[in-house]
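Remarks on the overall topology
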Amino acid sequence: MNNGIFIGGGGPDYAQRQELTLKYANRHGLVAGATGTGKTVTLQILAENFSNEGVPVILSDVKGDLSGLAKSGTPDHKLHKPFMDRAEKIGFSDYSYHACPVTFWDLFGEQGHPVRTTVSDMGPLLLARLLELTEAQEGILNIAFRLADEEGLPLLDLKDLQSLLVWIGENGKSLSLRYGNVSSQSVGAIQRRLLVLENQGGAGLFGEPALELNDLMRTDSSGKGMINILAADKLMASPGLYATFLLWLLSELFEELPEVGDPDKPKLVFFFDEAHLLFDDAPKALVDKVEQVARLIRSKGVGVYFITQNPADVPEDILGQLGNRFQHALRAFTAKDRKELRMAAETYRENPRFETEEAIREVGVGEAVTSMLMKKGIPGIVERTLIRPPSTQLGPITKAERAAHLKASDMAGKYDEPLDRNSAFEILKARADKAATEAAKAEEKADEMQPVLREFNAARRYSGTRVSRSTSKTTRRGANFGEAMTKMVVKELTGTTGRRIVRGVLGGLFKGR
């Protein structure tokens, strides 16, 4: 294993070898720059290098270009000669073409293996972010998760959550005494947001079989790290779903992976493209969670790299944790742009050979202002770096090539067919059916007792007319006897029919497990 991965050439004549030290690769990073300045190629060569060193990678393919990682570059590509010239210029003497091991994933199951998680695993915080709920609505969502835990109701897919919300809406008054105000309007608002999510295709994200994290951390037979590519071109039409899913995945890695201390190389590298979508209009609680994950997950051997157009898209507290930086050109057309450019330049360790702010403005396509962590995690001096050419194909593979790759994948068949095991929807439906059956039987019994009740009332009326008015004691005895019989029959009716109907229909859905 090498101590670092080759990024490109720096210095006045681009002859100085620029490397990202593997030991500090889990200290996170940033790839930034305006559209068309070379961010995608930088992401591609980083993924190649990590894979070659046996480090699995997770990245999202927003534009569809990164599927080329699965195929070797070829000498007949139009950019072959420029690539070879660049390799020679930066001293990349062993430059060659090769493919990387790739697994394709897709939330919609169209361009990759399906990706699913359960509603319970997503949790109320991220789900509230996904549904864009108000504080009151988020409170009701938390009540739903609490009830699901207390009553043994697995929340696996959206219909589980929808059925539980129906029950909460019907029993809002009784629940309000225990959990606070539960309004039917808020419950209805959540249901409408779930409907919108379904219309966006988000229902496919929730269910089983759920994604196993170990399937994202594999190596191939030669020891190369698997590059997991999430198809995100269609997913970008629902940016909230895209950002929430990637944040959930990052949170799961944080929760499930063990502490590894200070490894010689990362166990996994996670690239978060279009990072601004994660932070746009995000509540403070969510931003705080991202900051916490970014700060602590490196001790579990995971490096997180944010890809965005401008460093200002990333909150300052998180930006300060991104030690390895690749800054492509930024455009400064407005006063706001110039201010952000100046702020971006101030975060680098100065190089006496050039002004960082000018360099960020002037670097060409495929060139970047870089700064990688050095010994003891000290930021390196900023340098203008000519990024090395990729060894895999630049641009997407064909649909036929993708289909063949999916068919030959180790993951083929494991996640293709959804499972629908007994969960909250089925349990609540069974309880409702049982309550309805008991109510129907109780009504039949009440109907059967109606003739008895009519005969008794007739006998009572007859008894009352026969007793002498002058004998008040006898009359009272007859009245007492009639009242006692009436109470007995009413008690039977109310005790059997009434109680079963009320408890069975309104409250019996949670009666027993």
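Anything mentioned here points back to the structure above.
Report on the accompanying structure. (Residues numbered from 1 in each chain as written. Predicted model: local features only at pLDDT ≥ 70, side-chain atom pairs only at ≥ 80, totals over all residues. Heavy atoms only, no water.)

Examining the sheet that holds strand β10 (residues 324-327)
- Here twelve strands make up an open sheet; going across it, the order is β2-β1-β12-β11-β10-β3-β9-β8-β4-β7-β5-β6 and the pairing mixed. Edge positions in the open sheet fall to β2 (16-21) and β6 (113-114), since each of these has one partner strand only.
- Relative to strand β12 (residues 383-387), strand β1 (residues 4-10) is paired through three bridges, and the arrangement is antiparallel. When the bridges of β12 are listed, G8 appears paired with I387.
- Contacts from helix α1 (residues 39-52) reach β1, β2, β3 (29-32), β4 (57-61), β7 (227-231), β8 (268-273), β9 (302-308), β10 and β12, with the element oriented near 145 degrees to β1. (Pairing = 2+ DSSP bridges. Helix = DSSP H or I, 4+ residues; strand = E, 2+ residues; numbered from the N terminus. Contact = heavy atoms within 4.5 Å. Axes fitted to C-alpha atoms, helices over the stretch in contact; angles between N-to-C directions.)

Topic: the packing of aromatic side chains
- Per the stated rule, a full pass over the model turns up twelve aromatic pairs.
- An angle of 70 degrees between the planes, with centres 5.6 Å apart, marks the rings of Y95 and Y97 as edge-to-face.
- Every member of this aromatic cluster is reached through a ring pair, and the members are Y242, F270, F272, F279 and F306.
- One residue, K234, lies across the ring of F108, its end atom 4.7 Å from the ring centre.
- Here the basic side chain of K300 rests over the ring of F254, its NZ or CZ set 4.8 Å away from the ring centre. (Phe/Tyr/Trp six-rings, centres within 6.5 Å; stacked < 30°, edge-to-face > 60°. Lys NZ or Arg CZ within 6 Å of the ring centre and 35° of its normal.)

Remarks on the nonpolar core
- L127, I168 and F306 are the most contacted members of the largest nonpolar core, which has 82 residues in total.
- Here the element with the most residues in this core is helix α8 (residues 239-256); it accounts for eleven residues.
- Not counting residues up to four positions away in its chain, the partners in contact with F306 are G29, L30, V31, F272, A275, L278, F279, I318 and L322.
- Judged by nonpolar contacts, the second largest core, of 32 residues, contains A25, I45, A47 and F271. (Core = buried A, V, L, I, M, F, W, Y, C linked by side-chain atoms within 4.5 Å. Buried < 20%, exposed > 50% of the residue type's maximum accessible area, 1.4 Å probe, protein only.)

Observations concerning helix α7 (residues 184-199)
- Over its 16 residues, α7 extends 23 Å from the first C-alpha to the last, a length consistent with the 22 Å expected when each residue adds 1.5 Å.
- Here α7 has its buried residues at S186, V187, A189, I190, L194 and L197. For α7, the arc enclosing every buried residue in end-on projection is 160 degrees, short of the 170-degree limit, so these residues lie on one face. The outward face of α7, more than 90 degrees from its buried face, is lined by the exposed residues Q185, R192 and N199.
- Buried-residue contacts for α7 involve α3 (119-131), α4 (135-150), α5 (158-170) and α8.
- Downstream of α7 by one or two residues, G201 has phi in the positive range, about 90 degrees. (Expected span 1.5 Å × (residues − 1). Arc of directions from axis to C-beta.)

Quick look at the environment of R295
- Residue position: R295 is located in helix α10 (residues 284-296).
- Accessibility expressed as a relative area gives 42% for R295, which makes it partly exposed.
- In this structure, the C-alpha to C-alpha distance between R295 and Q321, residues 26 residues apart in sequence, is 7.0 Å.

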